[in-house]
Amino acid sequence: MVYLALIGDMIQSKQLLQRSKAQERLKNCLDKLNKRFAPYLVSNLSLTLGDEFQGLFQVNAPIFYLIDLITQEMRDYPLRFGIGLGRILTAINPEISIGADGPAYWYAREAIAYVHQKNDYGNTQLAVRTGHNDRDELLNSLLSAGEAIKSNWRASQLAVFQALLSEGIYEEQFDQQLLGDQLSLTSSALSKRLKSSNLKVYLRTRQSALRLIRENDEEEENND
């Protein structure tokens, strides 16, 4: 069976003045997400090295939505993420993501190492590895394009994205009237923010990347 492994860590965490506070905040964030995303979790998101965490998911998990929720919750502490698609060769403990091993985690580790090496001048903090180089190149190009869009958001544009996250919306088609009411924005003002931020394009890149990952999973399963 194929899984999605996620590895994340705080960037330059050893330089933080209040490192223990950041670690506690991260732990609380992961605990909340373990409850919220329980139907998709194979092994809970767990702290592994104090400033690093990992988890194992079913392939149908909304992994990019989850990553953006973590990034939003930890917005004062920059993070990087590596995603790996593959199998697990050892026993899996559903309660804690420590001890399991296999290609899913190997690829996730490769992905986060790739982010260390190539982060597009600090804009890209996310990469994927599936073991298929051509598809990985396409996947990571999509993700980098989305990261470039997000890196240019002003506070007012970011507020629109945060409102979508809070409503559980992670697709480019949504009720703009409902969102405008939540933000106390007129239809015209909201449309201007959506246009200037390219928010819908960002969401489209994420959904396209997710479809590619799931197509890769289907191919892996069919080859068994």
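Structural data are supplied above this passage.
Residues numbered from 1 in each chain as written. Predicted model: local features only at pLDDT ≥ 70, side-chain atom pairs only at ≥ 80, totals over all residues. Heavy atoms only, no water.

Our focus in this paragraph is the packing of helix α1 (residues 19-36) against helix α2 (residues 63-73). Axis angle and axis distance: for two packed helices, these are the angle between their axes and the distance between the axes, and together they describe the pair. Interhelical geometry of α1 versus α2 gives an angle of 150 degrees and a closest axis separation of 10 Å. With respect to each other, α1 and α2 are oriented roughly antiparallel. Remark: the crossing between α1 and α2 carries right-handed chirality. Contacts between α1 and α2 involve R25, C29, L30, K32, L33 and R36 from the first element and Y65, L66, L69, I70 and E73 from the second. For the contact of α1 with α2, a count of residues per class yields seven nonpolar, no polar and four charged. (Axes fitted to C-alpha atoms, helices over the stretch in contact; angles between N-to-C directions. Helix = DSSP H or I, 4+ residues; strand = E, 2+ residues; numbered from the N terminus. Parallel < 35°, antiparallel > 145°, perpendicular 65-115°, else oblique. Left-handed = near helix turned anticlockwise from the far one by under 90°. Contact = heavy atoms within 4.5 Å. Nonpolar A, V, L, I, M, F, W, Y, C, P; charged D, E, K, R; others polar.)

Two side chains that carry opposite charge are able to pair once their charged atoms sit near each other. Inspection of every chain in the model, using the stated rule, returns 10 salt bridges. The salt bridge involving R80 is made with D9; its shortest N-O contact spans 3.3 Å. On the criterion of sequence distance, the pair formed by R80 in strand β4 (residues 79-87) and D9 in strand β1 (residues 2-10) is long-range, its members being 71 residues apart. Residue classification places D9 among the buried residues on the basis of a relative accessible area of 12%. Residues E52 and R109 are paired through a salt bridge, measuring 3.0 Å at the closest nitrogen-oxygen approach. Highlighted residues: E52 in strand β3 (residues 52-57) and R109 in helix α3 (residues 103-117), separated in sequence by 57 residues. Here E52 falls in the buried class, since its relative accessible area comes to 10%. (Salt bridge = Lys/Arg side-chain N within 4 Å of Asp/Glu carboxyl O. Buried < 20%, exposed > 50% of the residue type's maximum accessible area, 1.4 Å probe, protein only.)

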